[in-house]
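Examining the three-dimensional arrangement
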Amino acid sequence: MKQIPYATQWIEEDDIIAVADALRSSNLTQGPLVEEFEKSIAQYCGAKYAVAVSSGTAALHVACLAAGVSVGDEVVTSANTFAASANCVLYCGGKPVFADIEPDTALIDPADIRKKLTKKTKAIIPVHFAGQPAYMEEISKIAKGNDLKIIEDAAHAIGAKYRLKKGQDWIKVGSCYHSDMTILSFHPVKHITTGEGGAVLTNDQNLYEKLVFFRSHGITRSTKHMKETEGLWYYEMHELGFNYRLTDIQCALGTSQLKKLDKFVARRKEIAKMYDEAFSSMERIDLIKEKKGFDSSRHLYVVLVDNRKNVFNWLKTETNIMVNVHYIPVYFHPYYRNLGYERGLCPIAEEYYSRAISIPMHPKLSDEEIEYVIEKIKQAILD
Ligand SMILES: *Cc1c(COP(=O)(O)O)cnc(C)c1O
C-alpha cells in the first residue's frame, strides 16, 4: 500500500487544461478569470459578493480589517482551530480570546462565547470545524445583542449547509445568512484548491468595497471613491492595504475545481459513512457527532482515543497512513504562551485535543484504501 495522506488535492486533466489556457492568455493576474471565479464562488454559496485573495489567512486578515478590528479590540474565536483564525486578530493589533468547544461536536460553544464577551469585544470568528457548521443562529443572536461583527471561518466547510427546523430551507455555508462575512481557503488539503488561495464572501456592499481595497494596497482608481482627479493616470491610496491578490492562473484552476465540488463532497460523505459503520460500535473509539439539521461537508474525519500518543505513533511508523491532529489548542503554541495565555483556558478543547487523531479523508481515496485504514486503526486501538 502506498502512502495515504490525511488530505490531498484531486487534479484532473480538465483542471490542467484550464490552467494551461490561462497561461496562454494575455493576463496572468488581474484579468477576467479572477472575476469569473469570484462570481462562481458567490453564486455557489448564495452570497452577493466574493473577493478572491491569496490564502485563507489573507482572507481572515482582510475580513478583520474590513470589520474594523484594531488596537485594543478583542475577538472571540474557537480554541480548536488552526492558528490563522486567531493570528488575523493579532495582525490588526487586537487580542484573540478563546472560547471553549462543545464536547460532542468540537464546535465553538455559544454559551462559552457569551462568557468571554467584554466591553472590548468587537467580533466573533466561529469555525465550522471538520466541515460541520457552527451554531450560527445562536451566535448571530449573541452578536446582534452586543453589536458585534461575525466572520465565519469556513475553511473546512464550503459545500456544507444547515437548517433551523425540519421542513425549512437549507442555509448554505458562505451565504452569510447569519454573519457579516465568511472566509474560505483553497489550500490543497481543503475541498477545492487553487494551490494557495482563499476568498471572503459578503452580502454587504460597504464591506465588499473595503475588502477589495485591503486586498490591493488600499488603492482605488474609482472616481466614486477618489478625493480628486488629476488626470487619467491618477489613483489614490486610502488604506494601508496589502498585495493579497489571487492570480488568473489560480482562478482558472479554482473555477475548474468548483465544478467538481458537489461530486467531491458526495464522495467524502460516502467515506464518512464507511468509517462511521466501522467505528461507531467500537468501545475504544469516540467520534464527533453530526447534529440534526447540520449537513457537514466532511473536511476531516476525527477519531478520539485514549492512548492517543501510542496509537498515533504506531500508525505513523508501522503503516503508510499519514494521520494528523486537528487541533493543538491555539494558545498552547509558544508564541501565544509568550503573550500570556495559559493552559487550562478551555478545558474541553484541551481534553479533546489529548484524544484526537485525524484519519485520511479526501475524495480520491479508493474503497481498498479505506478498508486498509479501517483495518489498521482497529489494529492500533486493540494492540
Ligand atoms: C486552512 C485553514 C485556514 C487558513 O487557510 P490558508 O489558505 O492555509 O491560509 C484558516 N482556518 C482554518 C480553520 C483552516 O483550516
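Residues numbered from 1 in each chain as written. Predicted model: local features only at pLDDT ≥ 70, side-chain atom pairs only at ≥ 80, totals over all residues. Heavy atoms only, no water.

The next thing to look at is the overall build of the protein chain. Each helix and strand counted, the protein chain has 13 helices and 17 strands in total. Against the 2.2 N^0.38 benchmark of 21 Å for 383 residues, the protein chain shows a C-alpha radius of gyration of 21 Å, consistent with a compact globule. A principal-axis box enclosing the C-alpha atoms of the protein chain has dimensions of 75 × 55 × 45 Å. For the protein chain, the proportion of its 383 residues judged to be buried stands at 56%. Pairs at least 24 apart in sequence give 73% of the contacts found in the protein chain among residues at least 6 apart. A total accessible area of about 17,300 Å² is found for the protein chain, and carbon and sulfur atoms account for 50% of it. Here the protein chain carries 47 positive and 49 negative side-chain charges, and the mean point of each set is 3 Å from the other. (Helix = DSSP H or I, 4+ residues; strand = E, 2+ residues; numbered from the N terminus. Rg over C-alpha atoms; globule rule 2.2 N^0.38 Å. Buried < 20%, exposed > 50% of the residue type's maximum accessible area, 1.4 Å probe, protein only. Contact = heavy atoms within 4.5 Å. Areas by Shrake-Rupley, 256 points an atom, 1.4 Å probe, with all protein chains shown as cover. Lys, Arg positive; Asp, Glu negative; His and termini not counted. Charge placed at Lys NZ, Arg CZ, Asp CG, Glu CD.)

Before going further, it helps to spend a moment on the side chain of D248. Along the chain, the position of D248 falls in helix α8 (residues 248-258). Buried charged residue D248 carries no salt bridge. Nearest counter-charge: R245, at 8.7 Å. A distance of 3.1 Å separates the side chain of D248 from the backbone nitrogen of Q30, its partner in a polar contact. Here the side chain of D248 touches G31 through a polar contact of 2.6 Å, landing on its backbone nitrogen. For D248, the contacting residues outside a window of four places in its chain are A22, N27, L28, T29, Q30, G31, P32, L33 and V34. (Salt bridge = Lys/Arg side-chain N within 4 Å of Asp/Glu carboxyl O. Polar contact = N/O pair within 3.5 Å; in protein donor to acceptor, adjacent residues only side chain to side chain.)

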